[in-house]
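Secondary and tertiary structure notes
The residues making up each chain are set out below.
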Amino acid sequence: MQSYMKCLAAVSLAVSCQVAQAGVIVQATAISASHPDFGGSYALVNQINQSGLSAGYVAGVTDFDSFVASTTHNGALALNSGFSVGPFGSFSYDLGAVYNIDAIGLWATANTGSVLNFNLYADSDNDFSNGNSGLLGGFTALGSNYTTADPGQAFTFGDVSTRYVHMEILTTDGGAQPGLGEVVFRTATVVPEPEPLALFAAGLIPVCLRLRRKA
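Everything in this summary refers to the structure shown in the same document. (Residues numbered from 1 in each chain as written. Predicted model: local features only at pLDDT ≥ 70, side-chain atom pairs only at ≥ 80, totals over all residues. Heavy atoms only, no water.)

When its secondary structure is counted, the chain shows three helices and 10 strands. Counted from the first residue to the last, the chain has its helices and strands arranged as α-β-β-α-β-β-β-β-β-β-β-β-α. Taken across its 215 residues, the chain has 41% of its residues classed as buried. At a minimum sequence separation of 6, the contacts of the chain that also span at least 24 residues come to 82%. For the chain, the accessible surface area stands at approximately 10,200 Å², while carbon and sulfur atoms represent 59% of it. (Helix = DSSP H or I, 4+ residues; strand = E, 2+ residues; numbered from the N terminus. Buried < 20%, exposed > 50% of the residue type's maximum accessible area, 1.4 Å probe, protein only. Contact = heavy atoms within 4.5 Å. Areas by Shrake-Rupley, 256 points an atom, 1.4 Å probe, with all protein chains shown as cover.)

Structure representation (structure tokens):
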């Protein structure tokens, strides 16, 4: 009976491996901007250090979709959001290594400078100005609700392998100095090849049946 149960467990594992796993959070290791960092309580690093979030995450472990959907950000406190001195320009995120990503999650901040319309680019280096960027798409975020609990917003794009992501800021909520509360990225979902796994599971079924009869 023990061998039969182990066989069933193997079949179950082979079948479950065909289900796509949800992407996990990628946290940028550094952020820069085309205009100087505002500094002080509004330093750019506040966009990538989890300050102000209602819950924490573990990069490479925490599920992106559920975290962005359930977590809010307190942008009412100065230390919780990152700004550049403007006007607009771009933010550049260094992921620290090359990742396959397909989404960005962000939280607005309780300030008129909160970014609304933006373009995203993948790049081979951290220089937005040298023309080596690939456009991932144009997106429109919601501004702040001016409470201590701005909801997360997720925007998807085609899978891309990159270390650097640039956010070209097109409009803000009216302010001249652009900023955001927090920014994260999502690893692209990996779907294993279904045919080999299905054949493996199918081959195990008669073995399990024979073990059951013996048991």
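What follows picks up the thread again.
Moving on, we come to the pattern of salt bridges. Side chains that differ in sign of charge can pair as their charged atoms come close. Taken as a whole, this structure holds three salt bridges when the rule is applied. Between arginine 186 and aspartate 65 there is a salt bridge, and its shortest N-O distance comes to 2.8 Å. Of the two residues, arginine 186 sits in strand β10 (residues 182–187) while aspartate 65 sits in helix α2 (residues 64–70), which places them 121 residues apart along the sequence. By relative accessible area, arginine 186 is classed as buried at 12%. A salt bridge links aspartate 94 to arginine 163; the shortest N-O distance between them is 2.8 Å. Here aspartate 94, found in strand β5 (residues 90–107), pairs with arginine 163, found in strand β8 (residues 150–169); they are 69 residues apart in sequence, far enough to count as distant. Owing to a relative accessible area of 12%, aspartate 94 belongs among the buried residues under this scheme. Salt bridges here are not isolated pairs; linked through shared partners, they connect Asp65, Asp102 and Arg186. (Salt bridge = Lys/Arg side-chain N within 4 Å of Asp/Glu carboxyl O.)

We now examine the pairing of strand β6 (residues 117–123). The buried count for β6 comes to six of seven residues, which makes it a mostly enclosed element. In the sheet, β6 pairs with strand β7 (residues 133–140) via seven bridges, with the strands oriented antiparallel. What sits directly across from phenylalanine 118, in β7, is phenylalanine 139. (Pairing = 2+ DSSP bridges.)

With that out of the way, let us pick up the nonpolar core. Most often, soluble globular proteins have nonpolar side chains that are buried together. Among the nonpolar cores identified, the biggest contains 27 residues, and Tyr93, Phe118, Leu120, Met167 and Phe185 are the most heavily contacted of them. Those elements that provide at least two residues to this core are β5, β6, β7, β8 and β10. Judged by nonpolar contacts, the second largest core, of nine residues, contains Leu53, Tyr57, Phe67 and Trp107. (Core = buried A, V, L, I, M, F, W, Y, C linked by side-chain atoms within 4.5 Å.)

Enumeration over the complete set of coordinates arrives at nine aromatic pairs. For the ring pair tyrosine 42 and phenylalanine 83, a centre distance of 5.7 Å and an interplane angle of 80° mean the geometry is edge-to-face. Here tyrosine 42, found in the loop between β2 (30–33) and α2, pairs with phenylalanine 83, found in strand β4 (residues 82–83); they are 41 residues apart in sequence, far enough to count as distant. Overall, the relative accessible area of 4% leaves phenylalanine 83 in the buried class. Aromatic pair phenylalanine 67 and tryptophan 107: ring centres 6.1 Å apart, planes at 75°, arrangement edge-to-face. In this pair, phenylalanine 67 sits in helix α2 while tryptophan 107 sits in strand β5, placing the two residues 40 residues apart along the sequence. (Phe/Tyr/Trp six-rings, centres within 6.5 Å; stacked < 30°, edge-to-face > 60°.)

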